[in-house]
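These are the residues of each chain, in order.
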Amino acid sequence: MLGRRELLTLVGAAAAVTLVPGCTSGPGPTPSAPPTPRPASTAVDADRIAALVEAMPKRSVGDLAATRLAPGLTPPTNRWFSGLVFGEQAQPVFPLPLGFALVEGGFEMWLPQVAVSEKAIIGQRTAGMTLTTAGVSSALVTGYDVASVTIELRDAAGAGVLALRLTQGVPGVSVTALQTVSVAAQVPWTGLGVATVGTTSFGVRGGQVSGQDVRLAAGEAAGFFAAPPGVDPATLRERAQI
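Throughout what follows, the structure given in this document is the object of discussion.

## Observations regarding a nonpolar patch on the surface
A cluster of nonpolar side chains, namely V44, I49, V53 and M56, defines an oily patch on the protein surface of about 370 Å² accessible area. Residue position: V44 is located in the loop between α1 (4–19) and α2 (46–55).

Right, dumping it as structure tokens:
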């Protein structure tokens, strides 16, 4: 049996344990989560936006007139033959390995000579074969696909005279007469249908060759081609499928 002194000692110790902070067996208080930051406002006053838009520079692209394109065809922007369609004057085009340009009364073709420098790779224009037909006064692109384009040469009344077809990868021009015509070169053809301009040999297959002229009946076709260096134009003429 405990005496009075021992009992008072036990009661005092129990009270001391109760008052000591952190000596309780229960969980402590849960810390509160930090406040979520609110995003800064990005709204701009509507009047300020209108003023900024009004202050932006304005440019007019202008009218990209397809002056040499038949009605109903989609303007061929960014094509290898686009230069034939747009602009006041038709530009040379390059259905490599051939170079081609519309000229007064007909067309010219040549083999571009590639020149390489530190800054550019340029296809230089060399001496070409010019082929003209009496009465031709205008040209119109009448059809095209990814690899080829058809150009109609017309007279002053708008009637078709010749239909030309250019195809990428073919070193020549296919010509179909829309009426009886004579296609004249600037130099005479040999009996084998070969002519030389500068250092380039050209050939013709089809039609009736006489001197500088190639006569074609309505509906008749001929192929005019440029022989690459080292290729016999007479041999190429026999194999040409232009």
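## A closer look at the sheet that holds strand β1 (residues 99–103)
For sheets, the rule is that strands pair by backbone hydrogen bonds, running either parallel or antiparallel. Read from one edge of the open sheet, 6 strands run β1-β2-β5-β10-β14-β13, paired in antiparallel fashion. A single partner strand is all that each edge strand has here, and the edge strands are β1 and β13 (208–210). Pairs of neighbouring strands in the sheet enclose a mean axial angle of 20°, with direction left out of account.

## Thoughts on the sheet that holds strand β9 (residues 172–177)
If you walk across this open sheet you meet the 7 strands as β6-β7-β8-β9-β15-β12-β11, and the pairing is antiparallel. One side of each edge strand has no neighbouring strand; the edge strands of this open sheet are β6 (138–144) and β11 (194–197). Adjacent strand axes in the sheet meet at a mean angle of 25°, parallel and antiparallel pairs treated alike. Sheet topology places strand β7 (residues 148–154) next to strand β8 (residues 160–167); 7 bridges connect them, and they run antiparallel. Paired with V149 across the two strands is L166, which belongs to β8.

Rules used in this analysis
Residues numbered from 1 in each chain as written. Predicted model: local features only at pLDDT ≥ 70, side-chain atom pairs only at ≥ 80, totals over all residues. Heavy atoms only, no water. Patch = residues over 30% accessible without salt bridge, like charges linked within 9 Å, V, L, I, M, F, W, Y side chains within 5 Å. Areas by Shrake-Rupley, 256 points an atom, 1.4 Å probe, with all protein chains shown as cover. Salt bridge = Lys/Arg side-chain N within 4 Å of Asp/Glu carboxyl O. Helix = DSSP H or I, 4+ residues; strand = E, 2+ residues; numbered from the N terminus. Pairing = 2+ DSSP bridges. Axes fitted to C-alpha atoms, helices over the stretch in contact; angles between N-to-C directions.

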